[in-house]
Structure formats: structure tokens, C-alpha cells
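# Architecture and fold: a report
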Amino acid sequence: MRQPWKLKEVVLASLFGVVFGIVYLVAVHFGNIWAGLIGPIAYEWMFGIWFIVSILSMAIIRKPGAALLPETLAAIIEVMIGNAVGPRLILTGVIQGLGAEAAFAATRYRHFNLAVMMLAGAGAAVFSFVYGYFVSGYAALDPSFVLLMFTLRVLSGAIIAGIGGKYMADGLLATGALRGYAISRTKQGGARA
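What counts and how
- Residues numbered from 1 in each chain as written.
- Predicted model: local features only at pLDDT ≥ 70, side-chain atom pairs only at ≥ 80, totals over all residues.
- Heavy atoms only, no water.
- Axes fitted to C-alpha atoms, helices over the stretch in contact; angles between N-to-C directions.
- Helix = DSSP H or I, 4+ residues; strand = E, 2+ residues; numbered from the N terminus.
- Left-handed = near helix turned anticlockwise from the far one by under 90°.
- Contact = heavy atoms within 4.5 Å.
- Nonpolar A, V, L, I, M, F, W, Y, C, P; charged D, E, K, R; others polar.
- UniProt positions renumbered as here; feature names shortened; annotations may be inferred.
- Buried < 20%, exposed > 50% of the residue type's maximum accessible area, 1.4 Å probe, protein only.
- Core = buried A, V, L, I, M, F, W, Y, C linked by side-chain atoms within 4.5 Å.
- 1 Å grid on protein atoms, 1.4 Å probe; cavity = no way out; pocket = protein on both sides within 12 Å on 5 of 7 lines; lining within 4 Å.
- Points joined across faces, edges and corners; volume = space filled by probe spheres on them.
- Phe/Tyr/Trp six-rings, centres within 6.5 Å; stacked < 30°, edge-to-face > 60°.
- Lys NZ or Arg CZ within 6 Å of the ring centre and 35° of its normal.
- Polar contact = N/O pair within 3.5 Å; in protein donor to acceptor, adjacent residues only side chain to side chain.

## Focus on the packing of helix H3 (residues 52-61) against helix H4 (residues 68-80)
Contact geometry for H3 and H4: axes closest at 7 Å, N-to-C directions at 145°. You can see that H3 and H4 cross each other, and the crossing is right-handed. Seen from H3, the contacting residues are Ile-52, Val-53, Ser-54 and Ser-57; seen from H4, they are Pro-70, Glu-71 and Ala-74. When its residues are assigned to classes, the contact of H3 with H4 shows 4 nonpolar, 2 polar and 1 charged.

Have a look at this one:
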């Protein structure tokens, strides 16, 4: 049976959600500059940035909901501090969090290695792309362009969110700041990291 969430886990996931809500809004502005130079395909290269909090949080907490909660909270914070998309962005955050969560659920929350983290980043990308396809009118675009968009988003999710989230969690672990969290117990005990 799974252990219930501890207060410190809720606080950490919430803290990550707030911090990354700010990071995500800053990333939107960098994306706007990048898109001004190369067009809307620019966002696909960097989409992994918007999935990273779910991977980071799950890598540390390792419980159901650890990807969904901070991703949703990050979207709420991003809306509160001024993202122009507005409340629809909250649903986007939920969908991205569910995409990452699905990869961990597929392993029954037992495996947190690099391959699973990359799969979770790709999962967030796939879920967000399917949602975006219907909401953003991708069907009106040339199918080869849509395929390129999809490929870039999945690669970005796997590389930026999956690899980046894993290495951020490992970096935090190395500082000793994560003692008492699941990541520190599995690293010490040699369990399925």
C-alpha cells in the first residue's frame, strides 16, 4: 500500500509549482522572441521547459500525483501573474501533468531511471500536442509541418524535461537538501532508481 503524502512533500511540490510558474512565464517571453526570429515552430523546440516541474517533482517525491500537482499549480501561478492565455492554461497544465504522470503510472511508480523520466517528458509532450491539435487548430496546417511540430515537441519533452528534470533532481540530491524524501532513500538503499 502506498504511503500517504507527508506535509513536507506537499510543501515541496507546491514550492516547485510556484517557482516554475514564474520560470514558465519568463520562458513564454523568450519563446516570443525566438518565434519572432524563426516563426511559431520555435515553441516546439523549447516545449520541454514547460514540462520539467512534473519530472523534477516526481523524481524526488515518487508518489502518485507528484507530477500532476506541481504542473497544475505552475499553470495556476502562471495565469495569476499574467500569462495572456488566461484560465485555459490551467487545463493545459493539468493535461501536461497527466501526460507525465501516465509514464510513472505505467511502471506502478516503481521505476525512476533516466529512460522513464524521458518517457514522462515525451508523455507530457504527446498529451499536450493532442490537446493543442484540437484547441489551436493544427488541423489547418500542412500535415508534414504538423508532424515536424510533433516530433520536435516530443524530443524537447524527452530531452529538456526528461533529462533536465532527472539531472536537476540528482543535483539537488547531491547537496543533501533532499534527505528524508523518497529519492534519498532509494539512492542509499540501491532500490530501483
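## Details of the UniProt feature "transmembrane region" (unreviewed entry) in the protein chain
What UniProt calls "transmembrane region" (unreviewed entry) maps, in this numbering, to residues 12-35, 41-61, 114-134 and 146-169. This span, residues 114-134, is 100% helix and 0% strand, and a straight line between its end C-alpha atoms measures 31 Å.

## As for the environment of Met-80
Its location among the elements puts Met-80 in helix H4. The class of Met-80 is exposed, set by a relative accessible area of 63%. A C-alpha to C-alpha distance of 13 Å links Met-80 and Gly-17, two positions 63 residues apart in sequence.

## Comments concerning the nonpolar core
Membership of the largest hydrophobic core comes to 40 residues, with the highest contact counts inside it found for Phe-16, Phe-20, Tyr-24, Trp-50, Met-58, Ile-60 and Phe-104. Breaking this core down by element, the ones donating at least two residues are helix H1 (7-38), H3, helix H5 (88-106), helix H6 (114-135) and helix H7 (143-174). Broken down by element, this core gets its largest block of residues, 8 residues, from H3. If we ignore the near neighbours within four places in the chain, the residues touching Phe-16 are Val-53, Leu-56, Ser-57, Ile-60 and Leu-172. Within the second largest apolar cluster, 6 residues are counted, among which are Ile-41, Phe-129, Val-146 and Met-149.

## Re the layout of surface pockets
Roughly 710 Å³ of volume is contained in the largest pocket. Lining the largest pocket are 33 residues, with Tyr-43, Phe-47, Val-85, Leu-89 and Thr-92 sitting closest to its centre. Taken together, the elements giving at least two residues each to the lining of the largest pocket come down to H1, helix H2 (42-46), H4, H5, H6 and H7. The class makeup of the residues in the lining of the largest pocket is 18 nonpolar, 10 polar and 5 charged.

## Quick word on the packing of aromatic side chains
Counted according to the given criterion, the structure contains 8 aromatic pairs. Where Phe-47 meets Trp-50, the ring centres are 5.4 Å apart and the plane angle is 65°; that geometry is what we call edge-to-face. A residue is classified by how much of its surface remains accessible, and Phe-47, at 16% relative accessible area, is buried. A relative accessible area of 8% means that Trp-50 is categorised as buried. Aromatic rings pair up to connect Phe-129, Tyr-133, Phe-134, Tyr-138 and Phe-150 into one cluster. Note that Arg-153 overlies the ring of Phe-47, its terminal NZ or CZ placed 3.7 Å from the centroid.

## Regarding the side chain of Lys-63
Residue position: Lys-63 is located in the loop between H3 and H4. By relative accessible area, which is 8% here, Lys-63 ends up buried. A distance of 2.8 Å separates a polar side-chain atom of Lys-63 from the backbone oxygen of Pro-4.

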